[in-house]
Amino acid sequence: MDVDTVSDRSTAILDEVSRAVIADEDVLRTVLTGFLSRGHVLLEDVPGTGKTLTANSLATALGLSFSRIQFTPDLLPADVTGTHIFNEKTREFEFQPGPVFANVVLADEINRASPKTQSALLEAMAEGQVTVDGETRPLPDPFFVIATQNPVEQEGTFPLPEAQKDRFIVKSSLGYPDEEGEMEILNRRAERTTRTPEATAVTDGREARDIQSTPESVHVERSVRRYITQICRATRTDSRVNTGVSPRATQRLFEASRSMAAMNGRSYVTPEDVKRMARPVLAHRLQLTADARVGNVEKRTVVADILDETDVPSVNTADAPDRSGRTASR
């Protein structure tokens with residue numbers, strides 16, 4: 001699939017999701033970029049802002065299967081991955097797949113589950129497989145997790161370990177709609193007889209996989225690769241940061257930038273693509289110093305300052321492949 005088709009299909013998917021969800025388009029594009037990058041997305045929001053509806057609508061628009069896991073303190077790993085159940089007829093144990101066996105999985109309030117249960121999802125996110133009773137089983141392809149957590153209510157929660165946060169390619173927030181957006185929610189509700197709006201399929205599973213594979217052919221000029229490297233390395237020397245981003249984060253920013261370029265119908269990455277994805281990809285991976293936390297320093301502010309201080313390279317599009325995949329001549 002070429003980048004023009006990816007751009008057209010991405011626009012159609014976002015339009016369909018926007019028919020069901022009133023949310024900032026940039027946030028929805030960030031979520032879809034996470035899918036195109038074969039990563040996973042963490043949404044941090046108060047209840048009632050449309051996280052579940054966003055995940056369900058995106059799965060429907062992509063033509064993929066969807067499941068929702070409500071994480072609670074008593075949730076067990078087997079409740080996520082599945083377990084073996086004894087069949088009275090065959091007198092044998094049979095594997096009963098858990099809700100993680102879906103293309104799009106909503107892990108609702110993931111920080112309410114115990115670390116042991118969180119780790120069951122970690123293998124699925126990292127490896128695209130689960131291991132139950134010593135037997136490894138592959139998950140559906142595509143496999144995409146949208147996890148949520150409530151930033152306000154922390155009683156009875158288990159903070160996500162840094163290793164698990166690093167598994168999410170982006171972290172974002174839907175936030176509250178503005179006044180006109182909230183009015184639009186009521187207007188849409190008045191025009192239908194069902195409580196929850198519904199999206200319709202725009203693609204199917206095969207096309208969704210093609211959309212995911214296209215960013216792999218997007219060109220990233222060496223100067224832009226250097227730009228990505230410099231931004232990530234700068235997080236490790238900033239005085240407000242105790243631990244900067246890992247080399248894995250550098251690679252994820254590279255991947256997310258390619259996906260953003262493909263969504264914009266370009267076969268090459270620009271510094272603007274990198275800037276657009278730097279905050280949602282890098283901010284949640286930072287560990288701030290105690291002084292920075294006391295001073296209420298925002299992680300996104302740290303990334304924004306680094307972007308302002310890093311020299312932006314120029315892009316020579318003559319070296320970028322055209323839409324047919326051939327490199328343009330000088």
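All figures in this text were calculated on a predicted structure; none of them were measured in a lab.

Asks: Explanation requested: the overall build of the protein chain in the structure shown.
Replies: A tally of helices and strands in the protein chain yields 13 helices and eleven strands. Expected size for 330 residues packed as a compact globule is a radius of gyration near 20 Å; at 21 Å, the protein chain falls within 12% of this value. In terms of overall dimensions, the protein chain has C-alpha extents of about 70 × 50 × 50 Å along its principal axes. When burial is assessed residue by residue, the protein chain has 47% of its 330 residues classed as buried. Partitioning the intrachain contacts of the protein chain with sequence separation of at least 6 by distance along the chain shows that 77% fall at a separation of at least 24. Approximately 16200 Å² of the protein chain is accessible, and the part contributed by carbon and sulfur atoms is 46%.

Asks: Is there a simple way to explain the sheet that holds strand S9 (residues 170-172) in this structure?
Replies: Hydrogen bonds between backbone groups are what pair the strands of a sheet, and the pairing can be parallel or antiparallel. Read from one edge of the open sheet, five strands run S2-S5-S8-S1-S9, paired in parallel fashion. The open sheet has two free edges, formed respectively by strand S2 (66-70) and S9, since each of these has just one partner strand. The sheet shows a mean angle of 20° between the axes of neighbouring strands, taken without regard to direction. Pairing between strand S1 (residues 41-44) and S9: three bridges, direction parallel. Bridge assignment links Val-41 to a residue of S9, and that residue is Val-170. In the packing of helix H3 (residues 51-62) onto the sheet, contacts are made with S1, S2, strand S5 (104-108) and strand S8 (144-149), and the angle to S5 comes to roughly 170°.

Asks: What exactly am I supposed to notice about the domain arrangement of the protein chain here?
Replies: Interface extent is often summarised as the accessible area lost during association of the parts. When its domains are assigned, the protein chain resolves into domain 1 (3-211) and domain 2 (218-309). For domain 1 and domain 2, the distance between their C-alpha centroids amounts to 24 Å. Tallying the contact residues gives 22 residues for domain 1 and 22 residues for domain 2. A combined buried area of about 1900 Å² lies between domain 1 and domain 2, and 51% of that area is made up of carbon and sulfur atoms.

Asks: Any chance you could explain the packing of helix H2 (residues 25-36) against helix H10 (residues 247-263) here in plain terms?
Replies: A pair of packed helices is captured by two measures, namely the crossing angle of their axes and the spacing between those axes. At a closest axis distance of 9 Å, the pairing of H2 and H10 adopts a crossing angle of 115°. In terms of orientation, H2 and H10 fall into the roughly perpendicular class. H10 is crossed by H2, and the crossing has right-handed handedness. Contacts between H2 and H10 involve Arg-29, Leu-32, Thr-33 and Leu-36 on the former and, on the latter, Ala-256, Ser-259, Met-260 and Met-263. A per-class count over the contact of H2 with H10 returns five nonpolar, two polar and one charged.

Asks: Sorry if this is basic, but what is going on with the pairing of strand S4 (residues 92-97) here?
Replies: Within a regular strand, the side chains alternate between the two sheet faces. Pairing analysis gives six bridges linking strand S3 (residues 82-87) to S4, with the strands arranged antiparallel. Across the sheet, Gly-82 pairs through a bridge with Pro-97, a residue of S4.

Asks: Explain the UniProt feature "domain: ChlI/MoxR AAA lid" (unreviewed entry) in the protein chain to me, please; I cannot follow it from the model alone.
Replies: When the UniProt feature table is mapped onto this chain, "domain: ChlI/MoxR AAA lid" (unreviewed entry) is found at residues 233-304. Measuring from the first to the last C-alpha atom of residues 233-304 gives 14 Å, for a span that is 58% helix and 7% strand.

Asks: I'm lost on the environment of Ala-201 in this one. Help?
Replies: Mapped onto the elements of the fold, Ala-201 is located in the loop between helix H7 (179-190) and helix H8 (205-213). On a C-alpha basis, the gap between Ala-201 and Asp-273 in space is 28 Å, while along the polypeptide they are 72 residues apart. Here Ala-201 is in contact with Thr-60, Ala-61 and Gly-63, once residues within four sequence places are set aside.

Asks: Can you walk me through the packing of helix H1 (residues 3-20) against H3 in this structure?
Replies: Contact geometry of H1 with H3 gives a least axis separation of 9 Å together with a crossing angle of 140°. Of the possible angle classes, the one that applies to H1 and H3 is oblique. Remark: the crossing between H1 and H3 carries right-handed chirality. Side by side, H1 and H3 meet where Ile-13, Glu-16, Val-17 and Ala-20 of the first sit next to Leu-53, Ser-57, Leu-58, Ala-61 and Leu-62 of the second. For the contact of H1 with H3, the per-class residue count stands at seven nonpolar, one polar and one charged.

Asks: Even after reading the chapter, I still don't get the pattern of salt bridges, so can you show me in this structure?
Replies: Oppositely charged side chains can pair when the atoms bearing their charge come close. Across all of its chains, the model carries 16 salt bridges by this definition. With a shortest N-O distance of 2.3 Å, Arg-285 and Asp-166 are connected by a salt bridge. Taken together, the residues span a long stretch of sequence, with Arg-285 in the loop between helix H11 (271-282) and strand S11 (287-288) and Asp-166 in the loop between helix H6 (162-165) and S9 at a distance of 119 residues. Judged by relative accessible area, which is 11%, Asp-166 ranks as buried.

About the criteria used
- Residues numbered from 1 in each chain as written.
- Predicted model: local features only at pLDDT ≥ 70, side-chain atom pairs only at ≥ 80, totals over all residues.
- Heavy atoms only, no water.
- Helix = DSSP H or I, 4+ residues; strand = E, 2+ residues; numbered from the N terminus.
- Rg over C-alpha atoms; globule rule 2.2 N^0.38 Å.
- Buried < 20%, exposed > 50% of the residue type's maximum accessible area, 1.4 Å probe, protein only.
- Contact = heavy atoms within 4.5 Å.
- Areas by Shrake-Rupley, 256 points an atom, 1.4 Å probe, with all protein chains shown as cover.
- Pairing = 2+ DSSP bridges.
- Axes fitted to C-alpha atoms, helices over the stretch in contact; angles between N-to-C directions.
- Domains from an automatic or database assignment.
- Buried area = accessible area lost by both parts, 1.4 Å probe.
- Parallel < 35°, antiparallel > 145°, perpendicular 65-115°, else oblique.
- Left-handed = near helix turned anticlockwise from the far one by under 90°.
- Nonpolar A, V, L, I, M, F, W, Y, C, P; charged D, E, K, R; others polar.
- UniProt positions renumbered as here; feature names shortened; annotations may be inferred.
- Salt bridge = Lys/Arg side-chain N within 4 Å of Asp/Glu carboxyl O.

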